[in-house]
Amino acid sequence: MRFCVFHSSSGWVLLDNVTHPQNLTSSEHATLNIAKGVKPFKFVHSSDTMDSVLYVTLLFFILLLGSVGNIVVVATIARNTTFNRAPFFFLLNLSLSDLCRCLFCVPFVITSVIQDVGWIHGEVSCTAIAFTNFFFVFNSFITLMIIAIDRYISVSYPYIHKRWLHGPTSLVLVAIGWLLSALVSLPPVFGNGSYTFVEEEHQCTFQHTSYKHNDTFGFLLVLTAVQFGSFFIYGRIFIFLRDHRRMKPLENPPAMSSNWTMAGPGLRNVFPIAWTGVHLHPIPTITQNLSNASGQINHIRQRKNEHLTRLFFALTLCVYLLWSLYSVQSFILIFSDVTIPMTMRRVTTVTTFLQVCVSPVTFIFHFRKILTNNVRSFRRRRKFFC
């Protein structure tokens, strides 16, 4: 069996080729000792220990909340026919991406922090984990942008949305999002060391160095472009809602009648009533009653649609704010030689993984009544069968 160690300047090197061990860092020395069968000994400051304990605790909390919460969201959307429509299909895809990221990426970060010996699972596994991480990240970002487009069509063109954005169309859009995510996250697999283990973050990810020596700047631009695109679409939605809520001038339409009852908003201007001063309350026809009822139903649907749009905007805003710290940090590493402390690197990493908890927390808080009814029905069925 042959072992290899990852060097910060020369990449993965076989142990047989390590001729100058004094050039290795402390974690690389520990990896070398483990490979040789020597138990590593390392003096750790108490502050570093507390930071690691806090870091692992937060990651465990994210793993637990993200896994359970996203499973609840997936089960609720799949179970209730209320959510069998376009925006919730995309929310289901978002929850699946966050759930996969929880299960396949967060545990490796936790084990890396606990072992504190760098990455000892091989270069191929590191590349696979990094690809998996960014594949689901890009998929989540693209899904949020698709949700923004869906909300814009639903508010601005409700008839087109009702006719075209149904189940098969939503499935096609989800497939396009997965394809775009693969196209964006796959090139670094065949690139020049874009995916590697970052010791400060304890995860396999992009190695953000100067833009003159690395190609991660393009991937950051893609992430930033998707974020600004989503905000631009929501801006158009809110401008549309504001313009269509402006007060219209008072109109006085004439009274209309199909059976000589003279019912309508212009009833007070009918000549006999205006001349005699008698206030009559004519009985509206069946057609008028149906038109008034449909108008009220459409108004209620419009209000619910706007409320749902604000809910998804809040979800998108929370996700992008959590990623803003990591994006700013990456741009600083690319365009300057500033050394960012490890504590700050860990904070930004935790905020990126907190993204997996935003969708379930928002969904559970907003639809808590439906979830409560589901729990009650489950308990009734359990008592019935028991």
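Residues numbered from 1 in each chain as written. Predicted model: local features only at pLDDT ≥ 70, side-chain atom pairs only at ≥ 80, totals over all residues. Heavy atoms only, no water.

Participant: What exactly am I supposed to notice about the confidence of the model for the protein chain here?
Facilitator: Note: predicted coordinates in regions of low pLDDT should not be interpreted at a detailed level. For the protein chain, the average pLDDT comes to 76, and 69% of its residues sit at 70 or higher. Under a pLDDT of 50 for its full length, residues 5–9 has, in the predicted model, 17 contacts with residues more than four places off or in other chains. Confidence drops under pLDDT 50 across residues 34–46; counting only partners more than four residues distant or on other chains, this segment forms nine contacts. (pLDDT = per-residue confidence, 0-100. Contact = heavy atoms within 4.5 Å.)

Participant: What is the right way to read the pattern of salt bridges from this model?
Facilitator: According to the stated counting rule, one finds three salt bridges in the structure shown. Put simply, Arg345 and Glu201 hold a salt bridge, and the shortest N to O gap is 3.3 Å. Here the residue Arg345 occupies a position in helix 11 (residues 342–353), and Glu201 occupies one in the loop between strand 3 (195–198) and strand 4 (203–206), the gap between them amounting to 144 residues. Residue Glu201 is classed as buried on the basis of its relative accessible area, which comes to 1%. The partner of Arg242 in a salt bridge is Asp243, and the shortest N-O contact between them spans 3.3 Å. (Salt bridge = Lys/Arg side-chain N within 4 Å of Asp/Glu carboxyl O. Helix = DSSP H or I, 4+ residues; strand = E, 2+ residues; numbered from the N terminus. Buried < 20%, exposed > 50% of the residue type's maximum accessible area, 1.4 Å probe, protein only.)

Participant: Can you walk me through empty space enclosed by the protein in this structure?
Facilitator: Any empty space left between atoms is shown by rolling a water-sized probe over those atoms. Applying the stated rule across the entire model yields five cavities of 30 Å³ or more. One number sums up the size of the largest cavity: a volume of about 60 Å³. If you trace the largest cavity, you find it lined by Cys105, Phe108, Val109, Ser112, Trp119, Ile129, Asn133, Phe197, His202, Gln203, Cys204 and Phe353. Counting residues per element, the ones that place at least two in the lining of the largest cavity are helix 4 (106–115), helix 5 (123–156) and strand 4. At three residues, the largest contribution of residues to the lining of the largest cavity is made by helix 4. Each residue belonging to the lining of the largest cavity can be placed in one class, and the counts come to eight nonpolar, four polar and no charged. (1 Å grid on protein atoms, 1.4 Å probe; cavity = no way out; pocket = protein on both sides within 12 Å on 5 of 7 lines; lining within 4 Å. Points joined across faces, edges and corners; volume = space filled by probe spheres on them. Nonpolar A, V, L, I, M, F, W, Y, C, P; charged D, E, K, R; others polar.)

Participant: I tried to follow a nonpolar patch on the surface on my own but got confused; where do I start?
Facilitator: A grouping of Val172, Ile176, Leu179, Leu180 and Leu183 is seen on the molecular surface, where their side chains present a nonpolar patch of about 460 Å² in accessible area. On the accessibility criterion, Leu183 (54% relative accessible area) is exposed. (Patch = residues over 30% accessible without salt bridge, like charges linked within 9 Å, V, L, I, M, F, W, Y side chains within 5 Å. Areas by Shrake-Rupley, 256 points an atom, 1.4 Å probe, with all protein chains shown as cover.)

Participant: Hey, could you run me through unusual backbone geometry in this one?
Facilitator: What is expected of a backbone is that most residues other than glycine have negative phi and most peptide bonds are trans. Residue His202 is not a glycine yet carries a positive backbone phi of 60°. Among the secondary structure elements, His202 is positioned in the loop between strand 3 and strand 4.

Participant: I tried to follow the environment of Cys318 on my own but got confused; where do I start?
Facilitator: Of note, Cys318 is situated in helix 10 (residues 286–335). With a relative accessible area of 37%, Cys318 lands in the partly exposed category. Along the chain, Cys318 and Thr362 lie 44 residues apart, while their C-alpha atoms are 9.8 Å from each other.

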